[in-house]
Amino acid sequence: MAKIPINLKDGNIAADTELIVGIDLGTTNSLVAYMKDGEPMAVKGEDGKSTLVPSVIHFNKNGDVLVGDSAKEKLITDPQNTIYSVKRLMGKSYRDVQYHQHYFGYKIIDDDPESLVKIRVKDKFYTPVELSAFILSELKRRIEKVLGNEVSKAVITVPAYFNDSQRQATRDAGKLAGFDVLRIVNEPTAASLAYGFGLKSGDNQTIAVYDLGGGTFDISILRLEDGIFEVLSTNGDTFLGGDDIDRAIIDHWVANNQIDQNKLDFDKSFNQEIRLTAEAAKKSLSNESRFSMSIKGSDLSLTREELEKLVEPILVKTLECCQRAVKDARLTVSKIDNVIMVGGSTRTPLIKHSVSRFFQNEVNDKLNPDEVVALGAAIQADVLAGNQRSVLLLDVTPLSLGIETVGGLMDVIIPRNSKIPS
C-alpha cells in the first residue's frame, strides 16, 4: 500500500520533498548544485572556496581512485595513470578519436575501431562511462556531506549537440554512480534557466546562449515568455573547445622553440607539463598582455596578440555555428535581445568582443560562466520536484532523426530543431 504524506497543520497532502540535484559534468571541471531557500546554489568543497571539481581521475599504486584536485596534481608525476578530458570520449568509437590520440597522456585501446573506446590503466580497461561515474560519485559524496543525507536523484546536463549514444553514455554514468537520472538537459538551455529564473511577468525576450567549454561548443537561440523557455534552434560542435586552444598554443611553442615533437609525444610527463602551462598562459592572457615561463630548458612565452591569432580559427568555427542557429531560428541578429556567455573559455577578451560584434549586442556574463549550467540544472531539478510551477521548458532535437535506407543513406523523419516531444 502506498504511503501518502499529510500535512497535519492544514490537512493537505504534503509535497514530496526529496531533493533532486543538478549536475554539470564538464570536460575540464564538474560541479553539483541544489535549490536552497528558493535560489540555486553550487556546492563548495571542504575548503569552502571552490565549487569546481577538476574532471580528472587518478589510479594510484594501492588501487585507490582519486578524483578532482588531488588527481590533477598527478598529471605531471604519473600521467599514464591519470585520466582527463574523458567527456570528449563519451559515446565515441576509436575511429572517431584515432587522430587525436597523441593529445592524451593515457592509452586509448585500438583493438576494434568500430566499438566504443576503452582506456587502459595499468592492467585494467575502463570505458568513458565508468570513468565519468567516478567523477559523478565524487560529486555525490560532496553534496551528501554538505546536506548530511543521501541524494539519489539528479538532472545531468550535456552539450546540446551531443548525439543519442553520447546522451545514453552520460545517463549510464549517472546510474553507475548511484543516481536515478531523471532528465538529461542541454547545457545552453540550463544556462538560460539560470539567467531567466525569476523574470517578471511580461518580461519577454529572445536570447542567444554562447557556450564554449573545455571540449565542446554550443549555441542556442531561445524565446523566454511568461515563464516558458522555448528553444528555437541549436547548433554546435562536440569536439571544439578550450582544449583546442591549449593544443594550438602547444603547437605554436613546438614550432617556435625547437621542442622535439617526439619527446612531446613519448615523454608523457613533459607533455602534461606543457599542456598545463598552455592552459595557464591562456588564463593569464585574459588579464595580462604577456606570459612567460621556463620548462626544462625551454623558454615558453606568449603575447595576447599571438594568442588571438591562434584562437581566430576556433572562433570562426563557433561563429559559423551561430550563423546557422540564427538562420534555423528564422531570425536576424537584430531580433536577439540578450547574449549569454557560458563556459570558462568565454573569458578570453577576443571571444567576448567578436561574439558581441556578431550579435550587435553587449554580451551578458554577470553570472559565473563556470557555474551557470549547474545552477540552471538545479532549477530544472526543482521543476521536476514540483516546487516550481511557473517554469516550462520546451526543447528541440539538435540533430535530424531518421531511418537508414538502401545504400547507407538516411531518410529524415524528424528534422533538426524540431520541438520535442515530437
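Structural notes, computed from the coordinates. (Residues numbered from 1 in each chain as written. Predicted model: local features only at pLDDT ≥ 70, side-chain atom pairs only at ≥ 80, totals over all residues. Heavy atoms only, no water.)

Following the sequence through the fold, Glu279 ends up in helix H9 (residues 268–284). Looking at Glu279, the relative accessible area reads 9%, which means it is buried. Look past the residues within four positions of Glu279 in its chain and what remains in contact with it is Thr28, Lys72 and Asp246. (Helix = DSSP H or I, 4+ residues; strand = E, 2+ residues; numbered from the N terminus. Buried < 20%, exposed > 50% of the residue type's maximum accessible area, 1.4 Å probe, protein only. Contact = heavy atoms within 4.5 Å.)

Its volume calculated, the largest pocket comes out at about 770 Å³. Around the largest pocket, the lining comprises 40 residues; the ones closest to its centre are Thr28, Asn29, Gly214, Gly344 and Asp370. When residues of the lining of the largest pocket are traced back to their parent elements, those giving at least two are strand E2 (29–36), helix H1 (69–72), helix H7 (242–256) and H9. Of the residues belonging to the lining of the largest pocket, the class tally is 10 nonpolar, 16 polar and 14 charged. What the second largest pocket holds in volume is close to 660 Å³. (1 Å grid on protein atoms, 1.4 Å probe; cavity = no way out; pocket = protein on both sides within 12 Å on 5 of 7 lines; lining within 4 Å. Points joined across faces, edges and corners; volume = space filled by probe spheres on them. Nonpolar A, V, L, I, M, F, W, Y, C, P; charged D, E, K, R; others polar.)

A few words now on the pattern of salt bridges. The tally for this structure, following the rule as stated, stands at 14 salt bridges. Lys282 is the salt-bridge partner of Asp246, the closest N and O atoms lying 3.0 Å from each other. With Asp246 in helix H7 and Lys282 in helix H9, the pair connects residues that are 36 residues apart, well separated along the chain. In this structure Asp246 comes out as buried when scored by relative accessible area, which is 4%. Relative accessible area serves as the criterion here: at 13%, Lys282 is assigned to the buried category. Within the structure, one salt-bridge network assembled from shared partners comprises Glu46, Glu138, Arg141 and Lys145. (Salt bridge = Lys/Arg side-chain N within 4 Å of Asp/Glu carboxyl O.)

It is worth spelling out helix H11 (residues 349–359) at this point. For H11, the complete set of buried residues consists of Leu350, Ile351, Ser354, Val355, Ser356, Phe358 and Phe359. Looking at the buried residues of H11, the elements they touch are strand E13 (205–212), strand E14 (217–225), helix H10 (304–328), strand E18 (338–342) and strand E19 (363–364). Two residues or fewer past H11, Gln360 is found with a positive phi of approximately 55 degrees.

This part covers the nonpolar core. Nonpolar side chains tend to gather and get buried jointly when the protein is soluble and globular. Ranked by internal contacts, the top residues of the largest apolar core, which has 46 residues, are Val21, Ile23, Ile83, Leu136 and Phe179. Take this core: its biggest share by element is seven residues, from helix H4 (residues 128–147). Of all hydrophobic cores here, the second largest spans 45 residues; its members include Val311, Leu319, Val326 and Val339. (Core = buried A, V, L, I, M, F, W, Y, C linked by side-chain atoms within 4.5 Å.)

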